[in-house]
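# Descriptive analysis of the structure
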Amino acid sequence: MESAKVNVRTYSAEEGPKHHDRHPLAKRRLIVLVSLSITLILVSLFSLMAGAVSFSISEIWNGLFDSSDTLERRIVWDLRLPRVLIGVVVGMCLASAGAILQGVMRNPLADPGIIGVSSGAGLVAVIIMIIYPTYIALLPLAAFIGALVTALIIYALSWRGGTSVVRIILVGVAINAIIGSFMSALMLLYSDRVQAVLPWLAGGIGGVGWVQFKMIIYYVMIALILALFSIKHIRVLRLGDELAKLLGHHVERSRFFLIVMSTLLAGIAVSVSGLIGFVGLVVPHILRLIIGGDYRYLLPASALGGGLLVVLADTIARSAFDPIELPVGILLAFIGGPFFLYLIQRRRGPVAGH
């Protein structure tokens with residue numbers, strides 16, 4: 001027992017020796033984190049500048065810091081800045097949720113959208129928007145509850161002395177179909193209120209403003225802070241259930257905590273952006289190939305990469321197809337769909353934990 005503990009403490013399954021300055025990926029991890037942070041700032045600035053009405057750096061400055069009622073102020077401060085901030089928040093939440101799910105399931109194909117968690121959040125959100133619009137302020141909390149219930153149902157139905165990605169995906173597809181039928185029924189029964197919900201179902205952050213940002217920002221801060229505490233649990237669970245138990249770790253308690261964390265993050269994102277998919281799949285997987293699977297670096301890098309991807313995709317979606325504004329969820333599906341097919345083709349055998 002003691003030798004096993006020494007071995008795990010010295011050589012983690014994720015990071016190798018505990019001499020971080022000698023780790024072959026140490027320098028690359030630092031470069032990636034700094035590069036993602038700088039690129040996110042630059043892309044956010046570009047998003048403020050680009051659109052049907054383009055602005056220079058000086059005009060952006062005036063729009064942000066000059067309180068006069070000018071065109072720059074109305075467009076930059078009232079329209080584009082909250083949209084950029086929400087894009088960053090949504091991307092961070094979705095990518096972090098995907099990274100956590102991939103860690104707890106030990107599989108790179110896990111994603112809130114693919115396994116049905118986002119659909120559960122979406123169903124509750126649609127119910128709020130269509131039937132109980134007066135409770136719109138409770139949308140983030142309601143979306144989280146919907147995502148959590150869905151995740152627990154999928155996890156329970158996938159359990160046969162353990163879980164496998166095949167069972168999770170199959171159960172997720174079935175749950176998605178059931179939830180889709182409920183959504184269709186709601187839209188038929190309340191056809192006069194559907195028009196406002198359709199863009200949300202496609203996934204997008206068009207039309208969001210400071211009201212939506214203030215509605216979710218406190219949930220986001222709590223969720224992202226709690227997500228940092230998930231790193232220790234993920235690193236232990238990735239060693240395998242048996243070894244984690246030998247080390248005295250409460251495996252099921254950690255797994256439940258991680259599921260709650262991922263669903264909270266996904267529910268927050270869905271509540272303001274609709275059903276945006278593939279961010280939680282694509283971003284963590286690409287970064288894992290670059291910086292490895294140590295979640296002390298992978299989770300913050302995924303959050304930064306998710307924010308970067310959503311803001312960049314939203315900027316392209318609203319400016320490249322002028323005068324039509326394409327929902328960012330559609331554009332991301334064009335990116336994420338082929339990437340998901342690539343992952344499946346790359347792993348031709350039974351999908352094992354990574």
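These notes cover the structure that comes with them. No experiment lies behind these values; they were computed from the predicted model shown.

## Describing the overall build of the protein
If you tally the helices and strands in the protein, you get 14 helices and two strands. With 354 residues in all, the protein has 51% of them scored as buried. Considering only contacts in the protein between residues 6 or more positions apart, those separated by 24 or more positions represent 76%. Carbon and sulfur atoms make up 69% of the accessible area of the protein, which totals about 16600 Å².

## Re a nonpolar patch on the surface
Together, Tyr132, Tyr135, Leu138, Leu141, Ile145, Val149, Ile153 and Leu157 make up an exposed nonpolar region whose accessible area comes to about 730 Å². One can find Leu141 in helix α6 (residues 139-158). Relative accessible area serves as the criterion here: at 37%, Leu141 is assigned to the partly exposed category.

## Quick notes on the packing of helix α12 (residues 279-291) against helix α14 (residues 328-346)
Closest axis-to-axis distance for the α12/α14 pair is 9 Å, and the angle between their directions is 55 degrees. Our classification of the angle between α12 and α14 gives oblique. Regarding α12 and α14, the two cross each other, and that crossing is left-handed. Seen from α12, the contacting residues are Val279, Leu281, Val282, His285, Ile286 and Leu289; seen from α14, they are Leu332, Gly336, Phe339, Phe340, Leu343 and Arg346.

## Considerations on the nonpolar core
Within the largest apolar cluster, 98 residues are counted, with the highest numbers of intra-cluster contacts made by Ile100 and Val279. At 18 residues, the largest contribution of residues to this core is made by helix α4 (residues 71-105). Leaving out residues up to four positions away in the same chain, Val279 has contacts with Gly91, Leu94, Ala95, Pro284, Gly306, Leu309, Val310 and Leu332. Formed by seven residues, the second largest nonpolar core is a distinct cluster that contains Val282, Phe339, Phe340 and Leu343.

About the criteria used
Residues numbered from 1 in each chain as written. Predicted model: local features only at pLDDT ≥ 70, side-chain atom pairs only at ≥ 80, totals over all residues. Heavy atoms only, no water. Helix = DSSP H or I, 4+ residues; strand = E, 2+ residues; numbered from the N terminus. Buried < 20%, exposed > 50% of the residue type's maximum accessible area, 1.4 Å probe, protein only. Contact = heavy atoms within 4.5 Å. Areas by Shrake-Rupley, 256 points an atom, 1.4 Å probe, with all protein chains shown as cover. Patch = residues over 30% accessible without salt bridge, like charges linked within 9 Å, V, L, I, M, F, W, Y side chains within 5 Å. Salt bridge = Lys/Arg side-chain N within 4 Å of Asp/Glu carboxyl O. Axes fitted to C-alpha atoms, helices over the stretch in contact; angles between N-to-C directions. Parallel < 35°, antiparallel > 145°, perpendicular 65-115°, else oblique. Left-handed = near helix turned anticlockwise from the far one by under 90°. Core = buried A, V, L, I, M, F, W, Y, C linked by side-chain atoms within 4.5 Å.

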